Structure formats: structure tokens, C-alpha cells
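# Per-entry structural report
Read off the chains here:
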Amino acid sequence: MSAGSGVDSATTGTATGAGTGGGGNSTACTRELLKSTIDAYFEALAAHDPSTLPLANSVKFTENGKALTLGQEGLWKTAGALKYAHSALDTETCSSASQAVVPDGSMDIPLALRLKLQGQEITEIETIAVRPGDYKVSGQNFASNTGAIIASGDTVKWEEPVPENERNSRDELEGWMEKYFWMFPRGVCNTVSNCKRIENGGGSFTCSAGASCDPGQPGSGSPALPPRLIFADVERGIGVGFTMFMGNTDMHMFKMRGGQVYGVSAFLGAASSSGWE
């Protein structure tokens, strides 16, 4: 397909199954494909040119909940070269999630990226570009800390494969995220004592701060934070979840091995909706 057709459809087209995370072509989807596509995305972003990307005709692109024209609006006009990223690769849904640090002009900002592929083409691109003032707590600006995001690569070891004898199943990884969202803040379980939770890199809270672990499981009724999309990278022990939180579109990641959670990171940006409901 031509790059132009993908860009033109970005403002009007909605990919089949948009926002569901399901239905990926798992037989043609590999970790290598997902990783190379992430790398290609950040290279294209820095060049302000999406023409090199394998875009589906129906590709949909959002930044902070708004459907934009790929390559022509938002961070695509101002981004510099990638400074840091850690990613979850899910070949079952052919989806990836990345938490990154990217220059926005002369200032480094947190950037969350979700890519979904079908038939080795990108059908969904969801981003959260966190600029100053984009995230508030109790009406007050909550400052990002890109240095802490970069440092978490060494402390949490996001991309380090979990030894096979310590790996949790997909159901366990996704189940942790389900309980976290459905029962928040009562569903924050199995965190080690030095587990830290960061929000756009800021805060460095202990994972249990302001939270508790209810021994029960999510049941009937409405979830505290309705989860829109959840998937997992079993090899790296990363669970990923998307929700809306206090007027922000929100990507959460956590790292688990041996049934214990070693780090939680949320990227949040002000939005009236995720753009994928």
C-alpha cells in the first residue's frame, strides 16, 4: 500500500476490532516482527515521515485520545530521536506496548505507544504524549520525571527475560491487571517490599502506598477503573492495561516474576476519552 493511503485514512478510518487487542494474526506474528516495527516507528517519528511504515489502509492513529493525521499533527511534527524505551511484545494479539522518552522539540517527554498489527501491517497506533500540565492530581500539576523512566530500565529490568521456572502464565499476568483495575485500590497484590510505582516517571511511591490487597477476586458489578484493553508478554513478565483515570487516558505496565510484582509504571495524559471506546 502507499503511505499516502494510510495517512489519509487516519482521520476517518477505524481498524477492524479497534481497541480490542484481539484477532491478531498470531501465525504470522513474531517477537522479532513486533520489535522491528517498534524500532521503525520511532525512527519514522524522529524523521517526521511515516512513509516507511507498513501501514494498513484502515490504520487509526490517536494522540492523547484524539484521532489525528499520521505524520502531520501532534508529536509527529516536533519529535526527536528516541532516548529510551521498554516494551511488551504480545504475539498472541500481535500487539506491543512501549513506554518511552522522546524529545518534543528541546524538551524530553514521556511517550506511551501501542501498536497493533494484522497481516504484518499496522492497523492501530495509540499514543500518550505527556507534556507539562497534562497530568494533574487533585487539581495540581504532577511533574514527569524522564530520568526515573530511563533509570527503571536498570532497576525493574523491564526487557530482561524472566527465567522459565519463574515465568507466570498469560492468565496470571492478565489476571493481576484485571484485579488491579476492577478492585482499585483494594486489588494491589503480590508486590515485593521494594516495588515502586511511578506515574510518568514521577512519584516513586511504594506499590502498596494508598492501596491494599483484597484476598477476593473481581466479581459482578462495575469495575473501579473499567479496563479497556489488557494483554501480556509472558517471556518478559510484563502485563499491560489501558483505562481512563481521573480525566486521563492511562497505560499501566507491571513486571512480574515468580508470582511477585517488582515494578509498576503508569503513563497518563489528559483526555476526555481514550479515542478507542
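For the structure, check the block above.
The paragraphs below set out a description of the structure included in this document. (Residues numbered from 1 in each chain as written. Predicted model: local features only at pLDDT ≥ 70, side-chain atom pairs only at ≥ 80, totals over all residues. Heavy atoms only, no water.)

A separate point is unusual backbone geometry. Following phenylalanine 184, the chain continues to proline 185 via a peptide bond in cis, the omega torsion being 0°. Inspection of the secondary structure assignment puts proline 185 in the loop between helix 4 (170–183) and strand 9 (191–199). Positive phi values are uncommon outside glycine, yet cysteine 94 reaches one of about 50°. By the element assignment, cysteine 94 lies in the loop between strand 3 (84–90) and strand 4 (95–104). On the basis of relative accessibility, which here comes to 3%, the residue cysteine 94 falls in the buried class. One non-glycine residue, asparagine 190, lies in the positive phi region at around 60°. (Helix = DSSP H or I, 4+ residues; strand = E, 2+ residues; numbered from the N terminus. Buried < 20%, exposed > 50% of the residue type's maximum accessible area, 1.4 Å probe, protein only.)

Turning our attention to the sheet that holds strand 14 (residues 260–270). Reading across from one edge, 10-9-14-13-12-11 is the order of the six strands in this open sheet, with mixed pairing throughout. Sheet topology places strand 10 (202–206) and strand 11 (229–233) at the edges, where each strand pairs with a single neighbour. The mean angle between the axes of side-by-side strands here comes to 15°, regardless of whether they run parallel or antiparallel. On top of the sheet, helix 4 reaches strand 9, strand 11, strand 12 (238–245), strand 13 (248–257) and strand 14; it is set at about 145° to strand 11, its chief contact. (Pairing = 2+ DSSP bridges. Axes fitted to C-alpha atoms, helices over the stretch in contact; angles between N-to-C directions. Contact = heavy atoms within 4.5 Å.)

Looking now at the pairing of strand 6 (residues 121–129). Of all nine residues in strand 6, eight are buried; the element is thus mostly enclosed. With five bridges joining them, strand 1 (residues 55–63) and strand 6 adopt parallel strand pairing. By the bridge assignment for strand 6, threonine 62 is matched with glutamate 126. By the bridge criterion, eight bridges tie strand 5 (residues 107–118) to strand 6 in an arrangement that is antiparallel. The residue of strand 6 that forms the bridge with alanine 112 is isoleucine 128. Here strand 5 folds back onto strand 6 in antiparallel fashion, the turn holding two residues, of which glycine 119 has a positive phi close to 55°.

This part is about the state of the cysteines. Per the stated rule, a full pass over the model turns up three disulfides. Through a disulfide, cysteine 189 is tied to cysteine 213; the S-S separation comes to 2.1 Å. Across the disulfide from cysteine 189 to cysteine 213, rotation about the S-S bond amounts to roughly 105°, and the bridge is consequently right-handed. Of this pair, cysteine 189 sits in the loop between helix 4 and strand 9 while cysteine 213 sits in the loop between strand 10 and strand 11, and the two are 24 residues apart along the sequence. (Disulfide = S-S within 2.5 Å.)

Membership of the largest hydrophobic core comes to 29 residues, with the highest contact counts inside it found for Tyr41, Leu45 and Ile125. Within the residue set of this core, elements represented by two or more residues are helix 2 (31–47), strand 1, strand 4, strand 5 and strand 6. Per-element accounting of this core gives the leading share, seven residues, to helix 2. If you look at the next biggest cluster of nonpolar residues, it comprises 21 residues, including Cys195, Cys207, Leu225 and Met256. (Core = buried A, V, L, I, M, F, W, Y, C linked by side-chain atoms within 4.5 Å.)

All right, on to the packing of aromatic side chains then. As enumerated under the stated definition, the model contains 10 aromatic pairs in all. Of the aromatic side chains, those joined through ring pairs into one cluster are Trp176, Tyr180, Phe181, Phe184, Phe245 and Phe254. If you follow arginine 114 out to its NZ or CZ, it ends over the ring of tryptophan 276, 4.8 Å from the centre. In this arrangement the basic side chain of arginine 257 is found over the ring face of tyrosine 262, its NZ or CZ atom lying 3.7 Å from the centre. (Phe/Tyr/Trp six-rings, centres within 6.5 Å; stacked < 30°, edge-to-face > 60°. Lys NZ or Arg CZ within 6 Å of the ring centre and 35° of its normal.)

What follows concerns the environment of aspartate 250. If you trace the backbone, aspartate 250 turns up in strand 13. A residue is classified by how much of its surface remains accessible, and aspartate 250, at 0% relative accessible area, is buried. Sequence separation between aspartate 250 and proline 50 is 200 residues, and the spatial gap between their C-alpha atoms is 25 Å. When residues no more than four places from it in sequence are discounted, the contact partners of aspartate 250 are Ile128, Gly241, Phe242, Thr243, Phe245, Ala266, Phe267 and Leu268. There is a polar contact of 2.8 Å between the side chain of aspartate 250 and the side chain of histidine 252. (Polar contact = N/O pair within 3.5 Å; in protein donor to acceptor, adjacent residues only side chain to side chain.)

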